[in-house]
Amino acid sequence: MVSLSFAPIYFDYNATTPVDERVLEAMLPYFSTRYGNASSRHEYGRVALAALEKAREQVASAVGAHPTEVIFTSGGSEANNLFLKGAGASFRGAAAGNKAETVVIGATEHLCVLNAARQLRGQGWRLAQLPVDGGGRIRPADVEAAAREKPRRWSVMLANNETGVIQDIASLAATVQAVGPDCGWFHTDAVQALGKIPINFRALNAAGVHALTISAHKAYGPKGAAALIMDKRLDLMTQIAGGGQERGLRSGTENIAAIVGFGAACELAVSRLKARAKAQTVLRTRLEIRLGEMGATVFGMGVPRLPNTCFFAFPSVDGETLVGKLDRSGFAIASGSACSSAKSAPSHVLLAMGVPDELARCAARVSMGEKTKPAEIEGFLLALQETATKLSRFAANTRL
Ligand SMILES: Cc1ncc(COP(=O)(O)O)c(C=O)c1O
C-alpha cells in the first residue's frame, strides 16, 4: 500500500475533501453485500434502486429541488458538459438558421465550462464571455447586453474555485428574464458552493436559473458522483447513449456506492453548513489580517466570498515556488485550480479581474475545511512568513 511519507496540514479543500466517516459508513455495504445493479428485477436490484432513489431525495432536499429534477453524473465536469453541449438542442427558433447560436459564460468559469464552451465554438457557435470587475463579480449591465443577443445557453458560476467570489446568480438570471423571452437556458456551476453557502434551486429557478451543478467530492463525499439539477422544461441532448438510465440522458450502470455517499454528504452539507461557515470565517479573518500585515494582496477582498477560501499573492514571490516550499514545510496549499496546476500559466481568473500578469503568477490559495484548527493557521502563518521573506529576498538579490 502506498501511504503518505508524511502528512502535511491540508489546506486544499477546494480541490477535494476527505470522505466523512459517516459518509464512508453509509457507502460500505454497497461494495460488499448490497452490490446489485439498480436495473435488475430481483432483490439485489431492488435494494440498489431503493438506495439510488433515497440518495436522489437527499441530494434534492439539500438544494431545494424535487427528486425528479436530479440527474446523477460522474462528476461536476460531466454535469457541466451535459448542460453546455445539450441544452435546448431541439430548439428551432429565431436564433437558428443562418445566424450562429451563442453560448454565454463568465470569464472566470472553471476549465470544464470554459473548454466545453470552446468546443462549441469549434463547432460554429459564437462564444461570449462576461467580463468581471476587479472584485471578480459580473456586472448586470453586461448580462443585459448579452441577453439582447438572444443566446441559446448560459453558464455562470455561483462561487469561484480560486477566489471564492460569489456571484449574485438570482439577480443575474432575473436580469436575463427581464430582457424578454427566448433568452436561452441559464445554468450555474454550484460545485464550490455545496456545504459552504446555502443553495436553493427553487428560488434560483423562480428567478430564471434552469440548471445547477453540484459534486460530492467537494463536500466530504466520494469522487465519482455529482448531479445536474434541472428544470424539467429544459430539453437536453443525451450525452451517453445506452440503457436509458438517468432519464436517458447519461446511460450506464449507476455508481450506487458513490451516489449513496453523495446523498449522505448532502445531508451533512446542510446540517453542518452554519457551524462550518462560522468557524471558517473566524479563521480566514485571522489569516487575512496577518496576510495584510505581511504585505500580501488578497484577491476578492471586500466582496462576498466563500468563508473557507483565501487567494493571495506576495509581489515577487512566485506562487508555484511558494507552494513547493510550503509543501516541504508541511503545508498543502494550491497555486490555482487543481486542474490547471500542472501548467505554469497565470490564473485566467485573476487576469480576468485585471490583476497584472506578474502578480497573478505569485498567487497561492488556502482553502480550509471542517477540521481546520486555529493552531494550524498559526503554524501556517509562521511558515509562510519565513518562506515568503526568504523568497522575496532571493528575488530582490537576483534583480540586483
Ligand atoms: C467550480 C468548479 N466546477 C467544476 C468542477 C469540476 O468538478 P469535478 O471535479 O466533480 O469534475 C470543479 C472542480 O474543481 C470546480 O471547482
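Residues numbered from 1 in each chain as written. Predicted model: local features only at pLDDT ≥ 70, side-chain atom pairs only at ≥ 80, totals over all residues.

A word on the overall build of the protein chain. Looking only at helices and strands, one finds 12 helices and 12 strands in the protein chain. A compact globule built from 400 residues would reach a C-alpha radius of gyration of about 21 Å, and the protein chain, at 22 Å, matches this within 12%. C-alpha extents for the protein chain along the principal axes are approximately 70 × 55 × 35 Å. The burial tally for the protein chain puts 48% of its 400 residues in the buried class. (Helix = DSSP H or I, 4+ residues; strand = E, 2+ residues; numbered from the N terminus. Rg over C-alpha atoms; globule rule 2.2 N^0.38 Å. Buried ≥ 20, exposed ≤ 12 C-beta atoms within 10 Å, placed from the backbone.)

All right, on to the site of the ligand then. Close to the ligand lie 15 residues; Gly75, Gly76, Ser77, Asn161 and Ser215 are nearest. If you tally residues by element for the shell around the ligand, the top one is helix 3 (residues 76–86), at three residues. For the shell around the ligand, the class distribution of residues is five nonpolar, nine polar and one charged. (Near = placed C-beta within 6 Å. Nonpolar A, V, L, I, M, F, W, Y, C, P; charged D, E, K, R; others polar.)

Our focus in this paragraph is the packing of helix 3 against helix 4 (residues 111–122). It is at 9 Å that the axes of helix 3 and helix 4 come closest, and there the two elements cross at 30°. It follows from the interaxial angle that helix 3 and helix 4 lie roughly parallel. Seen from above, helix 3 lies across helix 4 with right-handed handedness. Of the residues in helix 4, those touching helix 3 at Gly76, Ser77, Asn80, Asn81, Leu84 and Lys85 are Cys112, Val113, Ala116, Ala117 and Leu120. In terms of residue class, the contact of helix 3 with helix 4 is made up of six nonpolar, four polar and one charged. (Axes fitted to C-alpha atoms, helices over the stretch in contact; angles between N-to-C directions. Parallel < 35°, antiparallel > 145°, perpendicular 65-115°, else oblique. Left-handed = near helix turned anticlockwise from the far one by under 90°. Contact = placed C-beta atoms within 7 Å.)

What follows concerns the packing of helix 5 (residues 140–148) against helix 6 (residues 169–179). Interaxial distance between helix 5 and helix 6 falls to 9 Å at its minimum, and their mutual angle equals 40°. In this structure, helix 5 meets helix 6 at a crossing whose hand is right-handed. Counted together, Pro140, Val143, Glu144, Ala147 and Arg148 of helix 5 and Ser171, Leu172, Thr175, Val176 and Val179 of helix 6 form the full contact between these two elements. Taken together, the residues that form the contact of helix 5 with helix 6 break down as six nonpolar, two polar and two charged.

Our focus in this paragraph is the pairing of strand 12 (residues 363–367). Strand 12 sits mainly inside the fold: five of its five residues count as buried. With burial as the criterion, each face of strand 12 is covered, one bearing Ala363, Arg365 and Ser367 and the other bearing Ala364 and Val366. In terms of strand pairing, strand 10 (residues 309–313) meets strand 12 through five bridges, oriented antiparallel. Bridge pairing links Phe312 to Ala364 in strand 12. (Pairing = 2+ DSSP bridges.)

Of all the positions in helix 6, only Ile169, Leu172, Ala173, Thr175 and Val176 are classed as buried. Taken around the axis of helix 6, the buried residues stretch over an arc of 150°, which confines them to a single face. Looking at the buried residues of helix 6, the elements they touch are helix 5, strand 5 (153–155), strand 6 (185–189) and helix 7 (201–207). (Arc of directions from axis to C-beta.)

Turning our eyes to something else, we now look at helix 9 (residues 319–328). Of all the positions in helix 9, only Gly319, Leu322, Val323 and Leu326 are classed as buried. Buried residues in helix 9, looked at end-on, bunch into an arc of 100°, giving them a common side. Backbone geometry just after helix 9 places Gly330 at a positive phi near 105°.

Before going further, it helps to examine the environment of Ile289. In this fold, Ile289 is placed in helix 8 (residues 256–293). A tally of 11 C-beta atoms within 10 Å means that Ile289 is categorised as exposed. Placed 65 residues apart in sequence, Ile289 and Gly224 show a C-alpha to C-alpha distance of 37 Å.

What follows deals with the domain arrangement of the protein chain. Considered domain by domain, the protein chain is made up of domain 1 (9–16 + 273–399) and domain 2 (21–267). Inter-centroid distance (C-alpha atoms) of domain 1 to domain 2 is 28 Å. Between domain 1 and domain 2, the residue contacts involve 26 residues of the former and 26 residues of the latter. Mapped onto the side of domain 1 that touches domain 2, the elements with two or more residues apiece are helix 8, strand 10 and helix 10 (348–352). Within the side of domain 1 that touches domain 2, the residues separate by chemical class into 12 nonpolar, 11 polar and three charged. (Domains from an automatic or database assignment.)

A few words now on the sheet that holds strand 10. Across the sheet, three strands lie side by side as 9-10-12; this open sheet has antiparallel pairing. Each edge of the open sheet carries a strand with a single partner, namely strand 9 (297–298) and strand 12.

With that out of the way, let us pick up the environment of Pro181. Mapping Pro181 onto the fold places it in the loop between helix 6 and strand 6. Pro181 sits 71 residues away from Gly252 along the chain, and the two C-alpha atoms are 36 Å apart.

Backbone hydrogen bonds are what pair the strands of a sheet, in a parallel or an antiparallel way. Strand order in this open sheet of seven strands is 2-8-7-6-5-3-4, and the pairing throughout is mixed. With partners counted over all chains shown, the strands left at the sheet margins are strand 2 (70–73) and strand 4 (126–130), one partner each. Geometrically, the sheet is characterised by an average inter-axis angle of 20° between neighbouring strands, direction not taken into account. Taken together, the three bridges between strand 6 and strand 7 (residues 211–215) define a ladder with parallel strand orientation.

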